[in-house]
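# Residue-level structure breakdown
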Amino acid sequence: AQDIENATDTTDEFLTVTLETIDSAIAYYFDNVIKPQVLENGAVVKVPVIYGSSERWKAVQTDGYFRDNKAKIMMPLIMFKRNNISRNDNIPIDKLDANNPQLYYTVQRSHTQKNRYDNFKVLTAQAPVREYYNVVVPDYIIATYDVVLWTRYVKQLNGLIESMVFASDAYWGDKNKWRFRTNVSDIATPVEMTTETERIVKGTFTLTVNGYLLPNTIKDRKSVV
């Protein structure tokens, strides 16, 4: 849960889209685009966003809130966790043909900056370098995430929910890497709780992410002849 990061820019890793890539895109959008914050005691407080690992999520389900390493209740806080994955049958993809099974298609790129073919090369009988790309057919999925928000007051929680709704139906993620169309749905009514020392307002909603997967099991996606 501490190691969610977007794919690096190396060729092999950047062409791989995994479940962790989608998780990273959601975390990036929370932190760098939505930038959730609340007003508390006249000061603007940034709301931390963390991924709900199994241990964290179990503690939240048991207590109703989350404590840090010093046993202090963390507020305000946003926690999200991937809940379910299903195939997206709305996008018809004929990836496997019984008569010609293949996981990718090969296409040729005719002209590039490094592969210019002009009259001078024709006179000197220089043949162009042909570049071929193996385009992998992805598996399209629909991933759902449970999101929990904790604040001290209902007004603070309302502001966070409003910012999430405003970001709905957009492509979440880093614009320089991977982005996925995300919808905010199933917003629950805020629940107020009290402990021995704290007053907590809790809200939940669901994120629906239209994503795709490109596993790292397929190599040699680009070849030059």
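One structure accompanies this document, and this report is about it. (Residues numbered from 1 in each chain as written. Predicted model: local features only at pLDDT ≥ 70, side-chain atom pairs only at ≥ 80, totals over all residues. Heavy atoms only, no water.)

This next bit is on the overall build of the protein. The number of helices and strands found in the protein is five helices and 12 strands. Scored against the burial criterion, the 225 residues of the protein give a buried share of 36%. In the protein, once contacts between residues fewer than 6 apart in sequence are set aside, the share between residues at least 24 apart is 72%. Approximately 14,200 Å² of the protein is accessible, and the part contributed by carbon and sulfur atoms is 49%. (Helix = DSSP H or I, 4+ residues; strand = E, 2+ residues; numbered from the N terminus. Buried < 20%, exposed > 50% of the residue type's maximum accessible area, 1.4 Å probe, protein only. Contact = heavy atoms within 4.5 Å. Areas by Shrake-Rupley, 256 points an atom, 1.4 Å probe, with all protein chains shown as cover.)

Let us look at the packing of aromatic side chains. Counted under the stated rule, the structure contains eight aromatic pairs. Ring plane angle 80° and centroid distance 5.3 Å describe the contact between Phe 30 and Trp 172, whose orientation is recorded as edge-to-face. Of this pair, Phe 30 sits in helix α2 (residues 19-34) while Trp 172 sits in strand β8 (residues 170-173), placing them 142 residues apart in sequence. Through a chain of ring-to-ring contacts, three or more aromatic side chains come together here, namely Tyr 29, Phe 30, Tyr 51, Phe 80, Tyr 145 and Trp 172. (Phe/Tyr/Trp six-rings, centres within 6.5 Å; stacked < 30°, edge-to-face > 60°.)

Judged by nonpolar contacts, the single largest core of 33 residues is most densely connected at Phe 30, Phe 80, Trp 172 and Leu 207. For this core, the secondary-structure elements that each account for two or more residues are α2, β3 (49-51), β4 (77-87), β7 (139-151), α5 (154-166), β9 (179-185) and β11 (199-213). At seven residues, α2 tops the list of elements feeding residues into this core. With near-sequence residues (within four places) excluded, Trp 172 lies in contact with Ala 25, Ile 26, Tyr 29, Phe 30, Ile 34, Ala 167, Trp 178, Arg 179, Phe 180, Thr 182, Val 184 and Leu 207. Among the nonpolar cores identified, the runner-up in size contains 12 residues, and Trp 57, Val 60, Phe 66 and Ile 73 belong to it. (Core = buried A, V, L, I, M, F, W, Y, C linked by side-chain atoms within 4.5 Å.)

For the rest of this paragraph, the subject is α2. Taking 1.5 Å per residue as the helical rise, α2 with its 16 residues ought to reach 22 Å, and the 21 Å between its terminal C-alpha atoms agrees with that figure. Within the span of α2, buried status applies to Thr 21, Ile 22, Asp 23, Ser 24, Ala 25, Ile 26, Ala 27, Tyr 29, Phe 30 and Ile 34. Directly after α2, the chain includes Lys 35, whose backbone phi takes a positive value near 50°. (Expected span 1.5 Å × (residues − 1).)

For the bond running from Met 75 to Pro 76, omega is -10°, close enough to zero to count as cis. Mapping Pro 76 onto the fold places it in the loop between α3 (54-63) and β4. Its identity as a non-glycine residue notwithstanding, Ala 71 has a phi of 65°, on the positive side. Following the sequence through the fold, Ala 71 ends up in the loop between α3 and β4. You will see that Asp 169, though not glycine, has its phi angle at about 65°, which is positive. With respect to the helices and strands, Asp 169 occurs in the loop between α5 and β8. Owing to a relative accessible area of 44%, Asp 169 belongs among the partly exposed residues under this scheme.

Moving on: the pairing of strand β2 (residues 43-46). Across four bridges, strand β1 (residues 37-40) lies against β2 in antiparallel orientation. From the neighbouring strand, Val 38 faces β2, where its bridge partner is Val 45. The turn linking β1 back onto β2 is made up of two residues, and Asn 41 within it adopts a positive phi angle of 55°. (Pairing = 2+ DSSP bridges.)

Side chains of residues three or four places apart in an α-helix project in the same direction, reflecting 3.6 residues per turn. The set of residues buried in α3 consists of Arg 56, Trp 57 and Val 60. Buried residues of α3 fall within an arc of 95° about the axis and therefore sit on the same side. More than 90 degrees from the buried face of α3, the exposed residues found are Ser 54, Glu 55, Lys 58 and Thr 62. Packing partners of the buried residues in α3 comprise β3, β4 and β7. (Arc of directions from axis to C-beta.)

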